[in-house]
Amino acid sequence: KKWLVAKKHSVYGWYSNAPRWIEKSSRSGRRYQARWYRRKGAREDPWISVTNHHVANSRAEMVYGEGGHSGHSKSIRKHYGANVFIRQKKIKVPNCAKLAGGGWKLVRHVPEGRRWHPATDRLRGTQAYGRKGSQVSSHAWSIRFNRIPFNEFLFATGDCKKWLVAKRHSVYGWYVNAHRWIVQSSVKKRPYRARWYRRHRAPQDPWISITEFAGADKHSHIVYGGRSGPWHTGAVRNHVGANVYIRFKVPRNLPDCSKLYGGGWRLVRHVPEGNHWHPARDQLRGTQAYGRKGNAKSPHPWSVRFDKSRFNEFLFASGDCKVWLVAKKWSVMGWYNNAKRRVEASSWRGRPYHARWYRRHRNFEDPWVSLTDHHYGAGRGHMIYGENRAGYAQVLRKHFGANVFIRHKAPARRTCKNIQGGGWRKVRHVPAGYKWHPATDRLRGTQSYGRRGGDKAWSLKFHKSRYNEFLFATGDCKKWLIAPKYSVVQGWYNNNYRQITKSSWRNRPYLARWYRRSGSKEDPWISIRNHGYSTSRGMVLYGGNRITVHTQALRSHDGADVYIRYKKPRVKDCSKVDGGGWQLVRHVPPGYFWHKARDQLTGHASYGIPGTQTSLQPFSVRFAHKKFNEFMFATGDCKKWLIAPRSSVIGWYSNGRRDALKSSITSGPHKIRWYRRQRQAHDPLIGLRDYHSALRTADILYAGNRIGGSLTRSLRAHYGANVYIRKKVAALACQKLDGGRWIQVRHVPAGLTWHPAKDFLRGTAVYGKKSKSITAPAWSVRFDHRQVKEFLFASGDCTKWLIAPRKSVYGWYKGKRRYIKKSSVSGRAYRARWYRRKGQWTDPWITTRDFEKVKVGKGNILYAGGGIAAGTTVVQHHSGADVYVRY
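Residue indices begin from 1 for each chain and proceed along its sequence in written order. Totals for whole chains, interfaces and linings use all residues, but because this is a predicted model, local features are given only for residues with pLDDT of at least 70 and pairs of side-chain atoms are given and counted only at 80 or more. Side-chain measures were taken over the full set of non-hydrogen atoms in the model, leaving aside hydrogen atoms and water.

K.L.:
Even after reading the chapter, I still don't get unusual backbone geometry, so can you show me in this structure?
P.N.:
Note: most residues except glycine have negative phi, and most peptide bonds are trans. Each neighbour pair has its own omega, and for aspartate 205 with proline 206 the value is 5°, a cis peptide bond. Of note, proline 206 is situated in the loop between strand E13 (192–198) and strand E14 (208–209). A cis amide bond, omega 5°, links aspartate 683 with the succeeding residue proline 684. Along the chain, the position of proline 684 falls in the loop between strand E43 (670–676) and strand E44 (686–687). Positive phi, close to 50°, is recorded for alanine 100, a residue that is not glycine. Strands here mean DSSP runs of E at least two residues long; helices mean DSSP runs of H or I at least four residues long; both are numbered from the N terminus. When you line up the elements, alanine 100 lands in the loop between helix H3 (74–78) and strand E7 (105–110).

Right, dumping it as structure tokens:
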């Protein structure tokens, strides 16, 4: 008549006058509580009663006591004793493994009662105890699940009425009353957050609840606790215990990230969704391998070695491919601290841009790769790569983990070999990146490294190659410039103007400021425009010594290359100028320095290997011993040239007027101011015009001693400069004057004295050996003065001359006006005052002008005798003087 049914866990435990649950009794058919005793050291306990202990005896409702105690025995006496029965009651509950889409595996169970799970592993799954049973087993049990792949937890009561699903990463980690994400639960079918506990050194943690932990026990919403804790056990007592399930769930429709941005990607590293980034510590070098190689959906992190793989691009992508970024290998590698790195494309922006990342030496969580600048993106879920199990893992939690892909993408290169006529040979290459060429030879071509044609930087030796032009170009050939060899490698320069033939910016020659300094191994700095302007505009095309500045062109245009070629100049053959007969004796190629010679054109300097008028190397042959009487100074293309008598070039003068026979701008004899000073090794300074005018108009044709500066403009514009000599027989020219038929009868070579003859031009003096050479020693032959009709008096180069009849020459006169038929100063007859006096062995004095008005320096005296040393301008500077007769 007096009975009650109570759960085993309601009877067990230590309590003193505490309310305990009664399932039903003789007094009530539903659950209620009554106060009982079960105290340590009290042998009569437990005291079990249908109602509260203190009123039960008076109502004969005490149904259990121990220890032979005689108190509270009214119910025994009145109702024929007392009995205890037990049973294992089968509870019909739904299968929790089918909740939230199913696929769950039961790994931990605690039966209904007043204590939580015995486990103290904080849900790591490292503890196993009890005999594995079901979700309603009567004993607590757990299996090890730390090596089972899973990414979701299901915490549920035994009757499945209270439950929640949470991501593994949401459960793990250390937190104190912090918000954690719940995927869904028995109270809400969409994601939300609740405050939980999982504290370091608190073995009863984590405390997992359906709602905020504070107040959750009131509604039996706490669904997990550890260490057999007796606190917050409402759900365990009231809902047939509690269970823990796990499963690995990946959406079926996850896209294939290997097809992003053109495809061809190979997966090399994976981290599943969670709170921590990749375990790797190799800073993306690809030297670490761990885990069992899987796929982009694997539940465990893994990596394969890829340090020896051939690739040039990275793809960092979230598991669902919604967040991704493509970057060049060179953009990721290298050391940098919050520095801008180039991103080719991303889910945030479909075109190249820059973002600030970190990859610091010995910081093993690096590199930090993000869609946007690191400090902006860290709190916005833009972080796409990290290492050493670091945080900032929003992407992992929201987008099913993260993956690293690599590929080798051959750049879509245009062939630079065909630029401006082609014929180019590639000799140096640097791939896209943040470092310039490793070379430190300042483009001399003496260094060789790398594998030709490979993806890494390489160079060939080209210092012995025959070339006269450089082509500097980006890998995609969109930016380029052509420059003469001398403009690049000749001399040291510091922000000085250098010649550019043409470029992708301008299709005609122009100048740009470059650097090539003696002590700077990164030089030369070659740019399309002035260096200072080009550095911030991606127009720098060459740098050395692996320097990491001004690399915008490298990053944006697939690296940079150096080409060389020999382009044969289209030039006129100077040896044929003015009838030919010229011998090339000295040459300087285009550049910033004049001839190496210091002999002031005496012909003693000898260097180099004799070549042509457009040779790439300077040379000079000895010509001091050669017999010649004319110089020709010409540019390499022969567009500018000048012929001058040897006697006009040799001698000492400072801005002196010297004779020129003809030039590319003047067809006849004329005078030009030049310099040839003693102890000035760079003299003579020979120009088409007077020196100071020639300096302004780039008409300088000769200078020595490697002098540079503005004197060299003509060298650069006209393929260098050359010196020619020849021996020209002036008689051939003079014999054609006024109809020809002239006979040479007397000659004096260039020098400081006149004819040795003292016969007053009667033709009786005979000396020397007759020769056609204007450099031959003085000579004279006999001629019949009575048969002579006309005389021709001429300088050796035939630039000064006059014709006079026999009767005008002969006779005695002193300052009288004598008849001249024509001369080099007038094409018609006129008169001039001459001298032919008795007893004066130096007479006659034959001049183109009146003798009294003759200026010695003008070279108007064409004849004098007796070997006199006065008035010898013609003899000195016009290859001597000659006398011709015509019968």
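Past the structure itself, the notes keep going.
K.L.:
Can you help me understand the environment of valine 885 in this one?
P.N.:
Tracing the sequence through the fold places valine 885 in strand E56 (residues 881–886). We call a residue buried when its accessible area falls under 20% of the maximum for its residue type, exposed when it is over 50%, and partly exposed in between, using a 1.4 Å probe and counting protein chains only. Residue class for valine 885 comes out buried when judged on its relative accessible area of 0%. Along the backbone, valine 885 and aspartate 784 are 101 residues apart, and their C-alpha atoms lie at a distance of 9.8 Å. By the convention used here, residues are in contact when the closest approach between their heavy atoms is within 4.5 Å. Apart from residues no more than four positions distant in its own chain, valine 885 is found in contact with Arg741, Trp742, Ile743, Val745, Phe783, Val788, Glu790 and Phe791.

K.L.:
Looking at this structure, I do not really get the side chain of threonine 157. What am I missing?
P.N.:
With respect to the helices and strands, the residue threonine 157 is situated in strand E9 (residues 152–157). At 2.6 Å, the side chain of threonine 157 and the side chain of aspartate 159 are in polar contact. From its side chain, threonine 157 meets the backbone nitrogen of lysine 161 in a polar contact 3.4 Å long. Beyond its immediate stretch of four places on either side in the chain, threonine 157 contacts Cys96, Lys162, Ala235, His239, Gly241, Ala242 and Asn243. We define a polar contact as two N or O atoms separated by no more than 3.5 Å, with the added condition that, inside protein, one atom must be a possible hydrogen donor and the other a possible acceptor, whereas residues neighbouring each other in sequence contribute only through side-chain atom pairs.

K.L.:
Can you help me understand the packing of aromatic side chains in this one?
P.N.:
The relative placement of two aromatic rings is captured by the distance of their centres and the angle of their planes. Planes of paired rings set the category: under 30 degrees apart is stacked, over 60 is edge-to-face and the rest tilted, where pairs are Phe, Tyr or Trp rings (Trp by its six-membered ring) whose centres lie within 6.5 Å. What the rule picks out here adds up to 40 aromatic pairs. Through a chain of ring-to-ring contacts, three or more aromatic side chains come together here, namely Phe145, Phe150, Phe153, Phe155, Tyr172 and Tyr224. Stacked on the ring of phenylalanine 364, the Lys or Arg arginine 281 has its end atom at 4.2 Å from the ring centre. The criterion for a charge sitting over a ring is simple: Lys NZ or Arg CZ within 6 Å of the ring centre, and within 35 degrees of the ring normal. Of note, arginine 359 hangs over the ring of tryptophan 335, and the distance from its end group to the ring centre comes to 4.6 Å.

K.L.:
For this particular structure, what's the right way to read the state of the cysteines?
P.N.:
Any covalent bond linking the sulfur atoms of two cysteines counts as a disulfide. Disulfides are defined in this document as cysteine sulfur pairs within 2.5 Å. According to the stated counting rule, one finds five disulfides in the structure shown. Between the sulfur of cysteine 96 and that of cysteine 160 lies a disulfide, 1.7 Å long from S to S. Measuring the twist about the S-S bond at about -110°, one finds the cysteine 96-cysteine 160 disulfide to be left-handed. Of this pair, cysteine 96 sits in the loop between H3 and E7 while cysteine 160 sits in the loop between E9 and strand E10 (163–167), and the two are 64 residues apart along the sequence. Looking at cysteine 96, the relative accessible area reads 0%, which means it is buried.

K.L.:
It is not clear to me how the environment of glutamine 288 should be interpreted in this structure. Could you clarify?
P.N.:
Along the polypeptide, glutamine 288 turns up in the loop between strand E17 (266–271) and strand E18 (302–303). Residue contacts for glutamine 288: discarding those within four places in its chain leaves Arg269, Ala280, Arg281, Asp282, Ser303, Val304 and Arg305. Reaching out from glutamine 288, the side chain makes a polar contact with the backbone nitrogen of arginine 281 at a distance of 2.7 Å.

K.L.:
I'm lost on the sheet that holds E56 in this one. Help?
P.N.:
In a beta sheet, neighbouring strands are held together by backbone hydrogen bonds and run either parallel or antiparallel to one another. Any two strands between which DSSP finds at least two bridges are classified as paired. In space, the six strands of this open sheet follow the order E48-E47-E56-E49-E50-E52, with antiparallel pairing throughout. With partners counted over all chains shown, the strands left at the sheet margins are strand E48 (779–780) and strand E52 (822–823), one partner each. Pairing of strand E50 (residues 801–805) with E52 involves two bridges; the strand directions are antiparallel. In the sheet register, leucine 802 faces E52, and the bridge partner there is serine 823.

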